[in-house]
Amino acid sequence: MEGENALNLLRSRICDTGFIFKDSSDTNYSKLKFMISTSVAEACNNSILLLGPRGSGKLAVLDLVLQDLLIQYPDSISVVRLNGLLHCDDISAFKEIARQLCMEHQLLFSKAASFDDNSQFMVAVLKECGLAHKTVIFILDEFDLFAQGKQRLLYSLLDAMQSVSSQAVVLGISCRLDADQLLEKRVRSRFSHRKLLFLPPSIEDSQRLLVHMLTLPIDSSLPYDYAVEFNKKVQNIIEDKRFKEIFNKLLNFDSSVKHLLKFLFYAVSHMDLQTGFLSRENFETAFTNIQRQPKLECLKNCSVLELYILVSMKRLEVKEKSLCNFNAVMKEYKNIHDSFQTSDYYARNVCLRAFEHLLHRELLCFTDNRGHSLSVEFRPVKLLISSAELHQGLKAYQSCPAILQKLVERDG
Amino acid sequence: MDKEESPQIPRRTTRSLSTPSTSNIVPAAKVNSSLESLTINDLLVGGDPVSLDDIISSFPGRSSQIHEIVRLLGPLNSPLLPLFVYGGASTGKTSIILQLFRHLNRPLVYSSCRTCYNQRILFESVLNQLLLHSKNAANCYANAKRCERPSDFVNFLREALTGVINNLKEKSEKMISKKKVHDGKTGNMIYLVFDNFHLVRDWDKSSTILPLLFNLYDMLKMLEVGLIFISSTSPDTFYTNMGYVEPIPIYFPDYTEGDIRQILLRNQANQKLYSSFLDVALKPFCRITRQVGELSTALKPLFEKYCEPLSDKGKGVVPSEDMKRRLFNHIKPHIASSLNDVFKVSSAPSSEVETGKQTKHQGNPKRSERSEEIGDLDFHMSTSAKYLLISAFLASRNPATLDASLFDSKGGSDNRKRKRKASEKALEKKEMLEEELLMKGPGTFPLERLIAIFQCIVSVAEDPADEDEQKNEELGAQCGSGSLMSDVLLQLSTLCNANFIFKGKSCPIEGSTRYRSTISEDLVLKVARSLKFPLSKYLYRS
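Residues numbered from 1 in each chain as written. Chains lettered and ligands numbered in written order. Predicted model: local features only at pLDDT ≥ 70, side-chain atom pairs only at ≥ 80, totals over all residues. Heavy atoms only, no water.

## What about the sheet that holds strand β2 (residues 108-112) of chain B?
All names here are of chain B. With parallel pairing, 5 strands are arranged side by side in an open sheet as β2-β3-β4-β1-β5. Both edges of this open sheet fall to β2 and β5 (248-252), since each of them pairs with a single strand only. Across the sheet, the mean angle from the axis of one strand to that of its neighbour is 15°, orientation sign disregarded. Of the strand pairs in this sheet, strand β1 (residues 83-87) and strand β4 (residues 225-231) are connected by 4 bridges, and their pairing is parallel. Residue Tyr86 lies in a different strand from β4, and its bridge partner there is Ser231. Packed onto the sheet, helix α4 (residues 119-130) meets β2 and β3 (190-195) and runs at close to 155° relative to β2. (Pairing = 2+ DSSP bridges. Helix = DSSP H or I, 4+ residues; strand = E, 2+ residues; numbered from the N terminus. Axes fitted to C-alpha atoms, helices over the stretch in contact; angles between N-to-C directions. Contact = heavy atoms within 4.5 Å.)

## Remarks on the sheet that holds strand β5 (residues 194-197) of chain A
In a beta sheet, neighbouring strands are held together by backbone hydrogen bonds and run either parallel or antiparallel to one another. All names here are of chain A. Here we have 5 strands laid out as an open sheet, ordered β2-β3-β4-β1-β5, and parallel in their pairing. Across the chains shown, the open sheet's two edge strands, defined by having one partner strand only, are β2 (77-83) and β5. The sheet shows a mean angle of 20° between the axes of neighbouring strands, taken without regard to direction. One ladder, built from 5 bridges, connects strand β3 (residues 135-141) with strand β4 (residues 168-174); its direction is parallel. The residue of β4 that forms the bridge with Val136 is Ala168. Strands β1 (46-51), β2, β3 and β4 of the sheet are contacted by helix α9 (residues 152-160), whose axis makes an angle of about 160° with β3.

## Some thoughts on unusual backbone geometry
In this model, A:Glu142 sits at a positive phi of 50°, which is unusual for a non-glycine residue. Its location among the elements puts A:Glu142 in the loop between β3 and α8 (143-146). When its relative accessible area of 8% is taken as the criterion, A:Glu142 is described as buried. In this structure, B:Asn196 takes a positive phi of about 50° despite not being glycine. Of the residues examined, B:Asn196 reaches a relative accessible area of 16% and is grouped as buried. (Buried < 20%, exposed > 50% of the residue type's maximum accessible area, 1.4 Å probe, protein only.)

## Observations regarding the confidence of the model for chain B
Per-residue confidence for chain B gives a mean pLDDT of 75; residues scoring 70 or more make up 74%. Low pLDDT, under 50, characterises residues 411-419 of chain B; the stretch is placed with 8 contacts to residues that sit more than four places away or in other chains. (pLDDT = per-residue confidence, 0-100.)

## Considerations on the interface of chain A and chain B
Facing the 73 residues of chain A at the interface are 72 residues of chain B. In terms of surface lost to chain B, no three residues of chain A exceed A:Leu85, A:Leu86 and A:Arg353, which account for 11% of the buried area on that side. Here chain A and chain B share 8 salt bridges between them. Across the pair B:Asp254 and A:Arg361 runs a salt bridge whose closest N-O atoms are separated by 3.3 Å. Our count for the chain A to chain B interface comes out at 31 residue pairs in polar contact (both at pLDDT 80 or more). (Buried area = accessible area lost by both parts, 1.4 Å probe. Salt bridge = Lys/Arg side-chain N within 4 Å of Asp/Glu carboxyl O. Polar contact = N/O pair within 3.5 Å; in protein donor to acceptor, adjacent residues only side chain to side chain.)

## What about a nonpolar patch on the surface?
On the surface, a nonpolar cluster with roughly 310 Å² of combined accessible area is contributed by A:Leu177, A:Leu197 and A:Leu199. Relative to the helices and strands, A:Leu199 is located in the loop between β5 and α11 (203-214). (Patch = residues over 30% accessible without salt bridge, like charges linked within 9 Å, V, L, I, M, F, W, Y side chains within 5 Å. Areas by Shrake-Rupley, 256 points an atom, 1.4 Å probe, with all protein chains shown as cover.)

## Here's the deal with the side chain of A:Asn8
With respect to the secondary-structure elements, A:Asn8 resides in helix α1 (residues 2-15). Looking at A:Asn8, the relative accessible area reads 16%, which means it is buried. There is a polar contact of 3.5 Å between the side chain of A:Asn8 and the side chain of B:Ser78. Residue contacts for A:Asn8: discarding those within four places in its chain leaves B:Pro75, B:Leu76, B:Asn77, B:Ser78 and B:Pro79.

## Some details on helix α6 (residues 206-214) of chain B
For α6(B), the buried fraction is high: 7 of the 9 residues fall into the buried class. For α6(B), every residue scored as buried is listed here: B:Ser206, B:Ile209, B:Leu210, B:Pro211, B:Leu212, B:Leu213 and B:Phe214.

## Regarding the pattern of salt bridges
Charged atoms that come close allow side chains of opposite charge to pair. According to the stated counting rule, one finds 33 salt bridges over all chains in the structure shown. Here A:Arg99 makes a salt bridge to A:Glu96, at a shortest N to O gap of 3.0 Å. Here A:Arg99 and its partner A:Glu96 are both found in helix α6 (residues 90-104), 3 residues apart, which amounts to about one turn of the helix. A:Lys258 is the salt-bridge partner of B:Asp218, the closest N and O atoms lying 3.5 Å from each other.

## Digging into the packing of aromatic side chains
Residue and element names in this part refer to chain B. What the rule picks out here adds up to 32 aromatic pairs over all chains. Consider the rings of Phe214 and Phe238, whose centres lie 5.8 Å apart with planes at 85°: the pair is edge-to-face. Here Phe214 is found in helix α6, whereas its partner Phe238 is found in the loop between β4 and β5, with 24 residues between them in sequence. Like Phe238, Phe214 is buried. Taking 5.0 Å as the distance between ring centres and 50° as the angle between the ring planes, the aromatic pair formed by Phe277 and Tyr306 counts as tilted. (Phe/Tyr/Trp six-rings, centres within 6.5 Å; stacked < 30°, edge-to-face > 60°.)

## With respect to α4(B)
Residues and elements named next belong to chain B. With 12 residues, α4 ought to run about 16 Å at 1.5 Å a step, and its terminal C-alpha atoms sit 17 Å apart, in line with that. Here α4 lies mainly inside the structure; 10 of its 12 residues are buried. Taken together, the buried positions of α4 are Gln119, Leu122, Phe123, Glu124, Ser125, Val126, Leu127, Asn128, Gln129 and Leu130. Residues of α4 that are buried in the fold lie against β2, α5 (150-177), β3 and α6. Looking at the residues trailing α4, positive phi occurs at Leu132, about 55°. (Expected span 1.5 Å × (residues − 1).)

## Some thoughts on the pairing of β3(A)
Residue and element names in this part refer to chain A. Of all 7 residues in β3, 7 are buried, a share of seventy percent or more. Along β3, one buried face is formed by Thr135, Ile137, Ile139 and Asp141 and the opposite face, lined by Val136, Phe138 and Leu140, is buried too. Of the strand pairs in this sheet, β2 and β3 are connected by 7 bridges, and their pairing is parallel. Within β3, the position partnered with Ile77 by the bridge is Thr135.

## A few points about the environment of B:Leu388
Residues and elements named next belong to chain B. With respect to the element layout, Leu388 can be found in helix α14 (residues 383-397). Placed 63 residues apart in sequence, Leu388 and Ile451 show a C-alpha to C-alpha distance of 8.3 Å. The contact partners of Leu388, leaving out residues within four places of it in the chain, are Leu450, Phe454, Val488, Gln491, Leu492 and Leu495.

Listed below in structure tokens is the structure:
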């Protein structure tokens, strides 16, 4: 039972972004907090970009900062959140801004309001907020998507901030490091080029994070003895040499926090509930199961006939045929059969179906998007697997005909 | 398995697999009458509870995947990072997920991206289920919410999810106060399942909807929501410019030969006999395909053949070594032949086959070609349509410049006499032309050319005045009477609709619509044979 409770606790920790970045000695956290709190306290405008790869905790840190600030200045902050994936067109963006501002200030939101009404409403509210010394914080997630098109939203936001009376902070979050280069001139000139870079943690930081995530609290509903025992085991695992090896490999592959969390989630959910403790094997299975090689897996699923077709296509590719379709593949398949007298020679319709299977598996794809007028046999296709992968896959395939391996090896 | 065969009808089904292993999932129907308002319990899969062991035994070769999913879903009320379940067709992804939720008795919102074929329908289907809304006559089959934009969807979704989660929490609190521990606990988690997720890539707005759905978990920030994506292609086929945090992959490999054997053996009356049959037949078929559905259709008629020498169709016979050998010798030639036609449907009565074939033609032109290669032409078509088909084929195959010489009064027979000895260069050219035909496929032609060829070949066919071919003469008479033109255009549009002839957009230079024949040479040969039409005479061979 305590195992289950511990598991639930760990899983909710991993899923909760707030917890992950809570105790981290992140300088970005203090920088961001300083910047926002000064603009709130001194009633000035500000705009900041938070840049960093996906899953590096940009939004999580920002949320923590906002949480603190909302406690610090409960009455003088209102937050508007936009997401580039949802509101990248101006109409829905302004509508969403108006909706959130209405919610915030207990006003009635009209769904029928036009684009113009909404944008005027936003400017008016900004002015009012400025007069009331209230800061509106705009959070634009996926900032780069707002920079598509005419950038009307960004322009009117930043332009409204130019007036003395208004008081707003615009926070752009993006995983494109060149996000500010995407801005138009008129927008860029109104943007203060403050950027905060979020980098993936170093190995030491990752290790600290690991301990932070996996250590159970001693003063909680969990039994004291169990928690102490659990923490000791975790400590042992982390200090284990073999674990360190896996951990380094994992970080070499992708050192972002999100990737680490995925790994932890997998390992933790494989915890043995009978004993209620983590073991090194959990982490090992997690590592092997998270690193997938989809193309090789796909090759393992193929039937022998499908392998023949793949090899024929590969040979055509080596011959540098500019175009390749089913008919050409069949010709090559027949060539192979004629010169080596294989036992696997099937009728054309059977091969066509195997060919379609390969298309479904996405080992092949059509090179033209439009050619629906032609039937499958004539549409040009290309191979989506490299020769090295094919070679490796054939080697791993248990009952692969020797001739196929030879053919691939010869072509190199 | 028998235990699962419950009289109660579960709320949701998967597409029925061809194997009987999942036959316990009966067609969907609402348990409660449509007028009754839905409750939170309708988000459960329904049906009798199943034990984990039952599920494992009903899905041979899938125990590691089942255990993995159960572990990742975790105990009651534990949050879940998004899962990405992938594997080839007919590997049991959807069935296993649904059965597991039936076992765990947790609420889920299932929407398949195949039936919800665009983003609006997907959004509305998810919301309908979450808001416990059922479409019926009373509400004019309206949706709970009208929702087209992703931004509205996320707002509505957040609202609906909070409602459902509060509902669930209340329920579990009640459970605790009533001391009904452990049985029938549903927990506070709600799971959103998106099936056939690979299809989303082909949608109109896939570049925005894909990252939206992948980032949905981060956007919602609700610990009580679990997302499960089911796709038949691997995660690497979803890479776009946009990028997203990859969900946790769970891989369903295709069945191995041993697994397939076990699956096919299920629900067989005479296990021993079938097993000896599989010893012989399974291996060669596995070299062609390893999809259970296809294998079982291919093996079924073969097994009937296998049983033929036995007195009572092989019921209750325990095969001895001697008998096995005899049966093997009997079946051997059949295996070799049936390897090469996987599409044969032989068990249905002939009339049904015919109608089946006809509908198939309209649905899928590519399939029809291949099914036609077996046996004789087995669908009905009017004679003029057949001629039209042949002329379309000729127009697509032959270069337009040769029409005059091919269709002169002598039927192009003197074409060969003119043939000179081919020089090396000519041979090379010939090869190139052949290659081009192979690559480019059939060419396009304007309507006028089609009609001209049609008139030529019809007039030739009526010319010989063969006594046997009354049909053709009748047709010829019809042509004479002038009703031909309107009739042909009608026939042409029928053939276009049936996908025998592809009607393209109008050519920007000439301004006329261009056509292309999509049928294979084998089919045309068959059609020509049925008319006793000398096709080869008119076909230009480079």
